[in-house]
Amino acid sequence: QCAGMVGSEMRQIMANSTPMLGTERGRGAGSKSLFGGKVYAQPLRDVWPDLDRKAPIHRWVTRERFSFIAGERVVTIEAKLGRSVAFTTYLPELVRWMAGRAEEAGALLVDEVVVDNILVKDGKVVGVKSGGDVLEANVVIDAEGVNRLLLEKLGLADPPDPRRLALGVKEIIRLGDRAVEERFGLEKGEGLAWLLAGDVSKGIPGGGFIYTMKDAASVGIVLRVSDAASAAEGGALKEHVSRMVEWLRLHPYFKRYWEEGDIAEYGARLAIEGGLGYVPKRLYWNGLLVVGDAAGLLLNTGYTIRGVDFAVASGKMAAETVLEAHARGNYSEAVLSAYETRLKSSFVWKELVKHRGIEDVMSDTWFFKALPAIIAKTVAKLFEADYEEPTMLEAIKEALEEEGTPLLLAAAKLLKAASQL
Ligand SMILES: Cc1cc2nc3c(=O)[nH]c(=O)nc-3n(C[C@H](O)[C@H](O)[C@H](O)COP(=O)(O)OP(=O)(O)OC[C@H]3O[C@@H](n4cnc5c(N)ncnc54)[C@H](O)[C@@H]3O)c2cc1C
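Here the structure is a predicted model, which is why all the values come from computation and not from measurement.

Undergrad: Can you break down the environment of lysine 38 residue by residue, with the values?
TA: Secondary-structure assignment places lysine 38 in strand β2 (residues 38–40). Judged by relative accessible area, which is 9%, lysine 38 ranks as buried. Sequence separation between lysine 38 and isoleucine 57 is 19 residues, and the spatial gap between their C-alpha atoms is 9.9 Å. Ignoring any residue separated from it by four or fewer positions in sequence, one finds lysine 38 in contact with Val61, Glu64, Ala86, Phe87, Thr88, Ala193, Tyr211 and Thr304. A distance of 3.3 Å separates polar atoms of two side chains, one belonging to lysine 38 and the other to tyrosine 40. A polar contact is formed between the side chain of lysine 38 and the side chain of glutamate 64, at a distance of 2.7 Å.

So, in structure tokens, the structure goes:
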């Protein structure tokens, strides 16, 4: 019993040997899915070795860009990668593909079914309830995503903390294959992942993203909910978030990338801010496992975001644990605890632990407001002088002073960030 994208993944693993039912509240797998656009491939290949040939991959990411935006000034760093480890796609397409693979293997997916409650009897999870229907199960795998209404009802997760959540808004701008390659400077089939910091989020912790799809650009912004709410209350943020995406779309530096393109879709969704702060009280319980976003498994370093591959990897570990329990005919908490052991020795947990200080960095507005301005001003001082250019150190010092940041403080902040990101 499970829901969503991770659900599709687990159905794939378990279908051959264990009766498996997945529920999805939307119409069809993937219908409720929305994300930025980039997926790390290897954890998915561990489940589907033919991923590269069969999955709905739009472009392999061969270039990464990062831009600091201060007004009309933009400083961009670009890396041409030696090796592609991630691809771009639309999440609904990927989820549909995963679900299809699972169904081919014999799993059952029921859509338009909202699970209202996880049922507990004598201290053990025994199934789920949807409307008047009860579905009994030896194990329920909760893959309900970021909005953990079911776990909250069980008392296993706290109500969402706005400091731990971000609001993402995105648009798909349709351009055509050739235009994507010409405008973004890509070879045929190549993809670009481009993250943005600074005025794109009005200095609020968050940022912007641009991913190249096959024939379109996925363009959006992400804002930390607590900061966006206090900026709105304090009057610093007057616009609706959709206007902020429009600001990016119309920005003089960026608009040439999608001029004459059509906005084909837009949407919004909550995301986990990243780090260990969203992990629920329990990852397993008597008859219950928690995976994906519901388990708080997302890494956002500011230059990369890993949620989909973490969700798939956790789904795989949950499926392996259930298969073991099934073989032993024992679904007790003690047997299901193997899931947490697996997870905590996996790359997913190691990544989250390694970057655990990230929340401090991500909640420091200096990185989102002052730093982009300091970088843009430094570059302007070096390149916009008519006669005498300052030395690099002079330019940095002047820019720091204009932004009210002592050199040592900036160095300390950057050092801290570098050790966590
Ligand atoms: C704006 C934005 C950009 C992002 N960009 C990226 C990116 O580029 N790369 C990346 O790897 N990650 C990205 N992420 C994160 C990524 O989307 C998530 O980590 C990932 O989707 C988690 O998968 P999941 O299956 O755990 O949850 P979800 O994808 O949220 O799936 C949960 C599913 O459960 C269903 N469901 C929920 N409750 C019930 C219920 N009661 N009954 C029945 N069904 C239910 C929902 O309809 C949904 O289909 C982004 C997220 C956002 C919001």
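Undergrad: Go over the side chain of threonine 301 with me, naming the residues and quoting the values.
TA: Mapped onto the elements of the fold, threonine 301 is located in the loop between β18 (299–300) and β19 (305–306). Classification of threonine 301 by relative accessible area gives buried; the value is 3%. When residues no more than four places from it in sequence are discounted, the contact partners of threonine 301 are His355, Ile358, Met362 and Leu421.

Undergrad: Break down the site of the ligand for me, citing the residues and quoting the values.
TA: Taken together, 33 residues are adjacent to the ligand, and Glu24, Gly36, Lys38, Val115 and Asp293 come closest. One of the side-chain N or O atoms of glutamate 24 is found 2.6 Å from an oxygen atom in the ligand. Of the residues belonging to the shell around the ligand, the class tally is 18 nonpolar, seven polar and eight charged. Counting only domains with at least three residues in the shell around the ligand, you end up with domain 1 (4–57 + 88–158 + 278–356) and domain 2 (163–272).

Undergrad: Before we move on, could you go through the sheet that holds strand β8 (residues 124–130) and cite the residues and values that matter?
TA: Sheet strands line up and pair through hydrogen bonds in the backbone, either parallel or antiparallel. Strand order in the open sheet formed by three strands is β7-β8-β9, with antiparallel pairing between adjacent strands. The open sheet is flanked by β7 (117–121) and β9 (133–136), the only strands paired with a single partner. Along the sheet, successive strands turn relative to each other by an average axial angle of 35 degrees, direction set aside. Relative to β8, β7 runs antiparallel, the two being bridged by five bridges. The partner of lysine 121 across the bridge, within β8, is lysine 124.

Undergrad: Which residues make up the domain arrangement of the chain, and what values do they have?
TA: In terms of domain boundaries, the chain breaks down into domain 1 (4–57 + 88–158 + 278–356), domain 2 (163–272) and domain 3 (369–420). Taking only C-alpha atoms, the centre of domain 1 and the centre of domain 2 are 28 Å apart. With 18 residues of domain 1 in contact, the opposing surface of domain 2 contributes 19 residues. Interface area lost by domain 1 to domain 2 is led by Leu34, Tyr90 and Tyr278, which between them contribute 38%. Viewed at the interface, domain 2 and domain 1 are joined by one salt bridge. Across the salt bridge formed by aspartate 293 and arginine 269, the nearest N and O atoms sit 3.3 Å from each other.

Undergrad: Please give an account of the pattern of salt bridges that cites residues and values.
TA: Inspection of every chain in the model, using the stated rule, returns 35 salt bridges. With a shortest N-O distance of 2.6 Å, arginine 163 and aspartate 161 are connected by a salt bridge. Here the salt bridges do not stand alone but share partners, grouping Arg63, Arg65, Glu78, Lys80 and Glu190 into one network.

Undergrad: Which residues make up the nonpolar core, and what values do they have?
TA: Leu288, Leu289, Leu297, Tyr339, Leu343 and Val348 are the most contacted members of the largest nonpolar core, which has 61 residues in total. Here this core takes six residues from helix α9 (residues 308–328), the largest share from any one element. In terms of nonpolar packing, the next biggest core, distinct from the first, is built from 29 residues, Ala179, Trp194, Leu196 and Leu223 among them.

Undergrad: Could you give me a rundown of the sheet that holds strand β17 (residues 288–290), with the residues and numbers involved?
TA: Across the sheet, which stays open at both edges, the three strands sit in the order β10-β17-β16 with mixed pairing between neighbours. The strands lining the two open edges of the sheet, one partner per strand, are β10 (140–142) and β16 (284–285). Bridge count between β16 and β17: two bridges; the pairing is antiparallel. By the bridge assignment, tyrosine 284 is partnered in β17 with leucine 289.

Cut-offs used in this document
Residues numbered from 1 in each chain as written. Predicted model: local features only at pLDDT ≥ 70, side-chain atom pairs only at ≥ 80, totals over all residues. Heavy atoms only, no water. Helix = DSSP H or I, 4+ residues; strand = E, 2+ residues; numbered from the N terminus. Buried < 20%, exposed > 50% of the residue type's maximum accessible area, 1.4 Å probe, protein only. Contact = heavy atoms within 4.5 Å. Polar contact = N/O pair within 3.5 Å; in protein donor to acceptor, adjacent residues only side chain to side chain. Near = heavy atom within 4 Å. Nonpolar A, V, L, I, M, F, W, Y, C, P; charged D, E, K, R; others polar. Domains from an automatic or database assignment. Pairing = 2+ DSSP bridges. Axes fitted to C-alpha atoms, helices over the stretch in contact; angles between N-to-C directions. Buried area = accessible area lost by both parts, 1.4 Å probe. Salt bridge = Lys/Arg side-chain N within 4 Å of Asp/Glu carboxyl O. Core = buried A, V, L, I, M, F, W, Y, C linked by side-chain atoms within 4.5 Å.

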